[in-house]
Every structure is written in structure tokens, then in C-alpha cells.
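What the coordinates show
What follows is each chain in one-letter form.
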Amino acid sequence: MSEAREFKYIGQSTIRPDGYDKVTGRAAYGADLTLPGMIWGRILRSPHAHANILSIDTTKAEAHPDVLAVATYADFVELQSKSVAASEGAADVLDLARNCLADDKALYHGHAIAAIAARTERAAKDALSLIEVKYELLPPVMDVEDAMKDDAPVLHADMFTAGYEERPSKASNIAVRTEMKMGDIDAGFAEADVIIEREFRTPTAHQGYIEPHACTVRYDEDGQSMIWCSTQGHFDVRTSTAKVLGMDLGKLKVIASEIGGGFGGKTVVYLEPVALVLSKKSGRPVKMVMERDEVFIATGPTSAAKLRAKIGAKKDGTITACQGWMAYEAGAFKGSPMMPGVMTMFTPYECANVTVEGFDVVVNKSKSAAYRAPGAPQAEYAAEMVVNELAEALGMDPIDLRLKNAAKAGTQTIYGPKLKTVGLVECLEAAKNSPHYQSAIAEGNGRGIAAGFWFNIGGQSSVTVNMNPDGTGTIVEGSPDIGGSRASMQMMAAEVLGIAPSNLNPIIADTETLPYSASTGGSRTTFATGMAVIEASESVVAQVKQRAAAVWNVTAEQVDYADGVASNTAGDDKLTLAEVCKSAEQTGGQISGMANINARGAGPSFAVHICDVFVDQDTGKVDVIRYTAIQDAGKAIHPAYVEGQLQGGAVQGIGWALNEEYIFDENGVMENQGFLDYRIPLASDLPMIETIVVEVPNAFHPYGVRGVGETGIIPPLATVGWAVGKAIDRKVEELPCSPPRVLALIQNG
């Protein structure tokens, strides 16, 4: 990838190909499919956070004239603990099943207990009250610190902490303990002239997608079944559902609807296996749609966490040692994003002596799910707050301290590889020279700055580019489009084929049409699926050259192709792509390019954010006055969408830092189950998020792409937290900075 490379189409902000359907209302989302004879499914959920299920009596519900099927955990196949592909990593199929419908214990308020399918949605909802469940209440464990105590009530009697040399003799709520280290941490701190150590807490927070989970399914008599659902990864929905129900993959077709937001939260199955059971038992198609309170209490938020960060440095600002400790709430079942937290905590900095210890801990909350750079915002919040305090103690500009220690090509990471070319230094320099940072801080305001790192992933992607006889084409991909990726695919194919992007129609195929493609997550889609699009388009070009060579009676090596035109280097003959496609029937058949890849070389991404806030000293209310997000995109395929990703990540991080948190009563019941009480930022709450897109190309992608979707949510927690602390002259160690908490800091220190 050459930095000076000129592109014809890449780098333009084109109109998204799905835009017309969305603004006119034609786009079909998860709840929009209706099938002949369809009935409605509803879930009965636990009112308790922790309880043994003594019995479930569905007799009265089954006798209801409108009820056609009832399902419980007993309707699933017998399962053993086994890892299956899910989202950016793996999940335990037994835990997936027990989360879809509880087995012998209700493990959180909202845990699914049983399901009903009835002729109407109202009848299904009303009939839930006919299911009689007897519970034996158990004390809930709602906090990671309490869950780790020796005398804590244990959620799973068969859970023994993994990660120690010897298996513990006693079951506990700690699922996994991990440690990563390099160098000599004690020697590193011995070298330091200044050492800062702090403890921090972050809350349980939800992704806040607007579209609730929804699916429509049909279980056919021959077992060939269909799922239509709102998901970030329909191939993984197929895998998870098939495993839970004991089905062959070939018997299950999954179609991804348009998606009204996901941010990592729509990478898990909740309704789909249950709906298929109801469909099988009733002989009818079944639709299930969550209500908003169900989304909050029964789907995966991100983990609350307790963290400690300790950093030592010399007087000149050289960081000599970094030590971290973190405990993440996994929810009711193991599998928090603790590991990415360990991996990313100190990665923005070059330091020879680093140790990070992490714990994955179960509590009586809904099972955590991915949320945009899962695990990294919590860990890097702690690290960045300490870096800012270290700069203050050393009397250094916080950007200068970061520049002195910034990770760059050749930096050894704690999780294994050395970094290749990355753009943190360029982002820091852009931040330092930005109009925002150069401006004076208004009296009474506070300013914060923080960096963030996300490694990004590649993975499997499948693409077919089918050419039409008129020279237009269809891009068939397997990656659901969340942030405009169809436009990026269109532009990359257009760049290879040398035709206008509008001549190419990108569509998301179902699981029967293409081979496996990994979920849209990990900032992988424009990078990995983009590589597949490029490869498939290059296959089309190669075929075009062969067809033109056959017409001219020359070899394919004697044919050039540029700007949509094949040229005979041995003469003056030329054929446009449209002309070759028009005569394809005479030269061997229609032209189609295919690529099935497992992309490697995802370029790590860095970001730097700046925030100014004003705090009302009488109420504790925080107003964001100015915000700037700087991030390395590698190459911005579609600049407007890159800017939107940076702004969206910043806004979600600001919400997490200022107001968003799950609030539970003493019995573990969530009290703020809707957007009125769970306060996400509105446009009226924020200034325009200023953006600076840095482009340091990723050498492993033909066009230099780095994923940009996740890094932007990492810096805001510390950026805002530090700004609030400066505005009130206090140390902020717990988020969110909600008015009551900030007012308490002002009044009590």
C-alpha cells in the first residue's frame, strides 16, 4: 500500500446503497416479516435475581384455547459444556441454552423460564400468567467484589476457577483468572521517581440499540427450517441455534434482516432457539419480539468492573513499569470481556515491564455481551486516568508524556506480537496541534485527554461478484451491514473493476447462498470482507482479460485492463467491461468472481480524544462543551462514514462516562428498565463532535484499511472523567459522573 496512491472512487463520500429503502420505510427489520399462519411467542421471565426453580406447571397454559405451544428447558436436547463460535470469540453451548431458558435455577431478574406461542400477541402475553412456577429464593450477588469473597453465595456449584496451576478444591464465582506479563515489574518500579496507583469502578451499561431483538421462524415438517432475525452474524446464529437444538447446519437457513443497531449486543441468540421449539411443537411459523424492558433485563450489557492501575516513571517522563488488576462481571454465566481488557490496558505505551492480572466473575445479572471494543474501555479508563495524574505529578503536558512513551512500529505488546506501522504518534501530534487543544480552557471548565487502543480482527469472509450482461454487477456478501459497509464494498469493487459504484449492487446473502462468514464485529468488516470483495473483483478482471484474449486470439498476458476497459497490447483493440459481459455467452458463460478468505493482518487502531466540560457546582450536572475525536483509519474508504463511526463511539463513551448505569434494588431487580430512566445522550445534550481522521495505511490491506468502529468508544471514559475531575478539583474514581455522584464529590471530596 503506497501512501501516495491515487484512487478513482475510494475516499469519496457516496450515498449509501441502502439509504433509499431506509428513509422511505421499505427496509425490512427484525419484526417486519409476516408469514402465512404465523402465531406469536412470548417469554415468561423470572421476577427474582437468584432462585432455585422447584417446579414449572404449564398445564393451565396448555389448556388455553389460543395457546398452541409451550416450551421449557426440557425441550432442548441434552447438552454438555462445549465451546462454539460466537461473535468475536467463543461461547459455551450449555450456557447459551441455559440463558435462553433456565434449567434448574433462575440466575438473574429477567431470566427466561418458559415460553408460550398463541394465536395473537395479546393472548400469548396474557397466557404467561397461567404458568405456575415455584421458586426457592436465594441471596443475590450483585457486585463483583462481593462475588469474589470466600463466603459469597455460589451461582454454579460446578464452577472451579480456571487459570491456576492447580484446580481449586472449592467452587466459586470466579470463572477464570489470567495474567500477562513481560519484563521485571519490581525492577521497573525501583527505577521510577514517581509512582501513581489508583482504584476505579465502571458500571454495567447497555449498548442502547434502538431496535429490540426480534425473529420470525418456521420449522418445516422435513426439518428444513428458517430463521429471520436482527443479528450481526447470521452464520453464528445458525451455529448456536443448531447446537442448542441438536440440528444439522444444513437443515437451518438464517436470513439477516436489516439491523436497527447492535454495537456487539446482537451477536448472541436469545429468542431464536425458543421460537424454533415453539414452531416445531405448534406446526406454525412463530414471531417473537422483545419489549424494551426485556431488552434491558434479559440481554447482554457490558460488564461492570473494578480495576487498579499503577504506573511508575522517571523524572523525564520515561515510563518504567505498568501494573494492572481487573475483575469483570460476566453476568450469570462465564465469559466477560476481561481478556481484551488485559490485552489492551497499557498497549498505547512502550514499557518493558508490564504485568496485568484479570478475573472473570459471575454475578446475578444478565449475561454480558460484547459492546464496541469489549473490555477495553474499562481497562484503558483506569490506565489513562493514571497517565493523566502522572503527567500532572511530573509537571508535563499530558500529550508530551504520551508522545515520549507512545507505542510505535516495533513496540512489544503484552499479548504477543510486536506492532507494525501504527498511527498513535500521528494522532497525538494531530491532537496537540488541533484548534481544540490550542484553545484556552474557559474559566470554571475542565479539560481531559486520553488515548485508546484496539487490536481489530480479521477472520473468515465469503464474497461473490456476479456480473450482468450489461456490465453491471451484484456483490453478494455475508456480513450484515451496521455502519454503511455496503457502500465501502461497492467502492472497493468499483476501484478494482474501474466502473462507477452505482453500477454495483451489494446485498447480504443468507446462510444457504454463501459459505461461512464471521459476524460483523471486531472492526473486521471493511478490512476482511473488503479484502474478499477485492479478491473476487480481481477474479472478474482476470476472467475479462481471458475472454478478451480469446476474442483477439492472443494470450491473457497480452491484455491490459484499466478504468473498465480491456486493451490488446499487441494491437489497438479495446473492449469495455460491458461489451465483454454482453458477449460472455459466446466466450464461455457468465462472469462471476468468488473469494473465500480468512483475513490476516488486521491493523491495530489508536485514537486520542479531547473534552471540555462545565460542571454546575450546585447540582453536579455535567455539560460537555467541546469534544474532539482523533483516530487513525489507515485509509478512509468512505470519509463520511468514518467520521460517523468516530462520532458515534465518542457519544456512546460520553454516555457511559456521564449517566449510563444499571440500577438494582436490594433484591437484584433492575429499576431503570427503559430509556426514560436509563439515560443515553440525546443530540440536544452534546455539541457537534469534531473529528480529525488520521491516515497511516495498514500495509496488510490492499487499500490500507484499518477497522474504525470500536476504538472510538475507548478514550471517552477517561477523557470525560479527567475533565470532570479538573472542573471540580477532585479525583474521579467511579463512573458514571452522574449529578448525584459528582455533587457528592464536590461536597465530600
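Refer to the structure above for everything that follows.
Residues numbered from 1 in each chain as written. Predicted model: local features only at pLDDT ≥ 70, side-chain atom pairs only at ≥ 80, totals over all residues. Heavy atoms only, no water.

Here the focus is the packing of aromatic side chains. Applying the stated criterion to the full structure yields 16 aromatic pairs. With a centroid separation of 5.3 Å and an interplanar angle of 70°, the aromatic rings of Phe200 and Tyr381 are classed as edge-to-face. Of this pair, Phe200 sits in strand S10 (residues 194-202) while Tyr381 is found in helix H11 (residues 376-394), placing the two residues 181 residues apart along the sequence. Of the two residues examined, Phe200 and Tyr381, each falls in the buried class. Members of the aromatic cluster, connected to one another through ring pairs, are Phe296, Tyr662, Phe664, Phe675 and Tyr678. Arg167 extends its terminal NZ or CZ atom over the ring of Phe160, reaching a point 3.9 Å from the ring centre. Between Lys310 and the ring centre of Phe189, over which it is positioned, the NZ or CZ distance is 4.4 Å. (Phe/Tyr/Trp six-rings, centres within 6.5 Å; stacked < 30°, edge-to-face > 60°. Helix = DSSP H or I, 4+ residues; strand = E, 2+ residues; numbered from the N terminus. Buried < 20%, exposed > 50% of the residue type's maximum accessible area, 1.4 Å probe, protein only. Lys NZ or Arg CZ within 6 Å of the ring centre and 35° of its normal.)

Successive side chains on a regular strand alternate, one facing one side of the sheet and the next facing the other. The pairing of strand S27 (residues 622-632) with strand S28 (residues 689-694) spans six bridges and is parallel. Looking at the pairing, Thr628 lines up with Glu690 of S28. In terms of handedness, the path from S27 via helix H19 (residues 639-658) over to S28 forms a crossover that is right-handed. (Pairing = 2+ DSSP bridges. Right-handed = clockwise from strand over helix to strand, strands pointing away.)

The subject of this paragraph is the sheet that holds strand S20 (residues 473-477). Spatial strand order, S21-S20-S19-S25: four strands in an open sheet with mixed pairing. Edge positions in the open sheet fall to strand S21 (504-508) and strand S25 (592-599), since each of these has one partner strand only. Within this sheet the neighbouring strands show an average axis-to-axis angle of 15°, counted without direction. Where strand S19 (residues 459-467) and S25 come together, eight bridges link them in antiparallel fashion. If you follow Ser461 over to S25, its bridge partner there is Ile597. (Axes fitted to C-alpha atoms, helices over the stretch in contact; angles between N-to-C directions.)

The subject of this paragraph is the pattern of salt bridges. What the rule picks out here adds up to 48 salt bridges. One salt bridge in this structure joins Asp18 and Arg16, with 3.2 Å as the shortest N-O distance. For Asp18, a relative accessible area of 5% corresponds to the buried category. Among the charged side chains, a network of salt bridges with common partners joins Arg16, Asp18, Lys22, Glu258, Asp481 and Arg486. (Salt bridge = Lys/Arg side-chain N within 4 Å of Asp/Glu carboxyl O.)

Under the 1.5 Å per step criterion, the end-to-end length of H11 is 26 Å for 19 residues, consistent within 8% with the ideal 27 Å. Of all 19 residues in H11, 17 are buried, a share of seventy percent or more. (Expected span 1.5 Å × (residues − 1).)

This next bit is on helix H13 (residues 424-432). Those residues of H13 not exposed but buried are Leu424, Cys427, Leu428, Ala430 and Ala431. Angular distribution of buried residues about the axis of H13 spans 160°; they occupy a single face of the element. Residues of H13 that are buried make contact with helix H12 (398-405), helix H14 (435-438), strand S18 (445-454), strand S26 (605-615), S27 and S28. (Arc of directions from axis to C-beta. Contact = heavy atoms within 4.5 Å.)

In contact at an axis separation of 10 Å, H12 and H13 are set at 160° when each is read in the N-to-C sense. One way to sum up the angle between H12 and H13 is to call them roughly antiparallel. Where H12 crosses over H13, the handedness of that crossing is left-handed. Side by side, H12 and H13 meet where Ile399, Asp400, Arg402 and Leu403 of the first sit next to Val425, Leu428, Glu429, Ala431 and Lys432 of the second. (Parallel < 35°, antiparallel > 145°, perpendicular 65-115°, else oblique. Left-handed = near helix turned anticlockwise from the far one by under 90°.)

Turning to the packing of helix H3 (residues 93-100) against helix H7 (residues 234-245), a few remarks are in order. How two helices sit against one another is set out by the angle between their axes and by the gap between those axes. Their axes nearest at 10 Å, the elements H3 and H7 cross at an angle of 85°. Overall, the two elements H3 and H7 adopt an arrangement that is roughly perpendicular. For the pair formed by H3 and H7, the contact residues are Val93, Leu96 and Ala97 on the first element and Ser240, Lys243 and Val244 on the second. Classifying every residue of the contact of H3 with H7 by side-chain character gives four nonpolar, one polar and one charged. (Nonpolar A, V, L, I, M, F, W, Y, C, P; charged D, E, K, R; others polar.)

What follows covers the sheet that holds strand S9 (residues 174-182). If you trace the five strands from one edge of the open sheet to the other, you get S9-S17-S16-S15-S10, paired in mixed fashion. Sheet topology places S9 and S10 at the edges, where each strand pairs with a single neighbour. Strand-to-strand twist in this sheet, taken as the mean axis angle between neighbours without regard to direction, amounts to 10°. Docked against the sheet, H11 engages S10, strand S15 (305-313) and strand S16 (319-331), running at close to 145° with respect to S10.

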